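Spelled out from the first residue to the last, the chains are:
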Amino acid sequence: MWKFLRITLLLGFVGLGWPALVQGQTLAQDTVWGEFPSVVLIKTPDLNRYCVGTVIHTHHVLTSGSCVMDFRQGAAASRIYPARLVRVMGGDISITPVGKSRQTRVAQHIFVHENFRVTTGENDLAVIRLIEPFHLPSNTLEVATMRMRITPNSQLCYWVTWLPELGATPQTLPRQQKVSATVHDRDQCNLVQRTGAWEILVQEEQICTLWQNTNNGLISPGDPLFCGGELTAVNGLSWPGTGAGAAVSEYLIGTQVRFASHWIQAQFDRTQPMPAGWNPYLY
């Protein structure tokens, strides 16, 4: 059972990497109250699918385009989920028990970046506008601070997700978790990718991180990357690194929010909905 669509490049690929940079397993760790208060859980009509988003405004949540697109009928029939069927849960860090401070909202509009490219993960962003704003200030929910500075190579950051994936064995209810990852030079990441079957390169507006995968679950499109406590990127793409089994490493590629800040801000006042039947495969 997959948590949500992952654009993972596995075809005939034998990864090269930097094993010395990965010391042991990077286990997913449970977050604590107030650690990532802007991170929310998104439920789509897909019964086997949770996504993660980040509160960027009282009325708006940032996630990936992959999160809110229905790909179940194939590329040609892909479309954005009806907004009224998408729910956002904030102010909590586990499915059960329900926290007293949990706030649940229904989407009013969903805006996917018009230049979203599914095959490369470029501009894999979406903004969800809520029918009712989150009640702020709160002790468990707040608007994220977006990182507008350059993130240096080798900086330690955290991907925030919900694990385990739905359908995992043993069956454990998902909760918010974090996984540490190190920022890597884009040229080095591209050098690794050129040995694979697909020539998809990390672009200037994207960020490349390396983490040590575990059998706890997967980082997936929509999961936010926080560096120094600031929202830095949204995950949209991954490809394998080195190792095997529980010790395999993985390169996670995200769109940096500082490159998309103007587009993100424009969605706050947007009045025109996405074109009916909009499909990123057709643009």
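- As recorded in an unreviewed UniProt entry, the protein goes by Serine/threonine-protein kinase rio1 and comes from Anopheles darlingi.
- Quoted verbatim from the Subcellular location (unreviewed entry) heading of the UniProt record, the comment on the protein is "Secreted".
- Its UniProt record gives the protein the following Sequence similarities (unreviewed entry) comment, quoted word for word: "Belongs to the peptidase S1 family. CLIP subfamily."

### Quick look at unusual backbone geometry
Inference 1: Here the bond from Thr 96 into Pro 97 is cis, since omega is -5 degrees, no more than 30 degrees from zero.
Inference 2: Mapped onto the fold, Pro 97 is located in the loop between strand E7 (87-90) and strand E8 (103-112).
Inference 3: The omega torsion of the bond from Leu 136 to Pro 137 falls at 5 degrees, within 30 degrees of zero and hence cis.
Inference 4: At Asn 123, a residue that is not glycine, the phi angle is positive and equals roughly 55 degrees.
Inference 5: Among the secondary structure elements, Asn 123 is positioned in the loop between E8 and strand E9 (126-130).
Inference 6: Since its relative accessible area comes to 17%, Asn 123 is described here as buried.

### So, the sheet that holds strand E2 (residues 39-43)
Inference 1: Here six strands make up a closed barrel; going around it, the order is E2-E3-E4-E9-E8-E7 and the pairing antiparallel. For this sheet the average axis-to-axis angle between neighbouring strands, irrespective of direction, equals 40 degrees.
Inference 2: Pairing of E7 with E8 involves four bridges; the strand directions are antiparallel. Paired with Met 89 across the two strands is Thr 104, which belongs to E8.
Inference 3: Contacting strand E3 (50-57), strand E4 (60-63), E8 and E9, helix H3 (residues 261-268) crosses the sheet at an angle of about 20 degrees to E9.

### Quick look at the packing of aromatic side chains
Inference 1: If you walk through the whole model with that rule in mind, you get two aromatic pairs.
Inference 2: Aromatic pair Phe 71 and Tyr 281: ring centres 6.1 Å apart, planes at 90 degrees, arrangement edge-to-face. With Phe 71 in the loop between strand E5 (69-70) and strand E6 (79-80) and Tyr 281 in the segment after H3, this residue pair connects regions lying 210 residues apart in the sequence.
Inference 3: On the accessibility criterion, Phe 71 (13% relative accessible area) is buried.
Inference 4: Overall, the relative accessible area of 36% leaves Tyr 281 in the partly exposed class.
Inference 5: Over the ring of Tyr 50 we find Lys 43, and its NZ or CZ is 5.7 Å from the ring centre.

Rules used in this analysis
- Residues numbered from 1 in each chain as written.
- Predicted model: local features only at pLDDT ≥ 70, side-chain atom pairs only at ≥ 80, totals over all residues.
- Heavy atoms only, no water.
- UniProt positions renumbered as here; feature names shortened; annotations may be inferred.
- Helix = DSSP H or I, 4+ residues; strand = E, 2+ residues; numbered from the N terminus.
- Buried < 20%, exposed > 50% of the residue type's maximum accessible area, 1.4 Å probe, protein only.
- Pairing = 2+ DSSP bridges.
- Axes fitted to C-alpha atoms, helices over the stretch in contact; angles between N-to-C directions.
- Contact = heavy atoms within 4.5 Å.
- Phe/Tyr/Trp six-rings, centres within 6.5 Å; stacked < 30°, edge-to-face > 60°.
- Lys NZ or Arg CZ within 6 Å of the ring centre and 35° of its normal.

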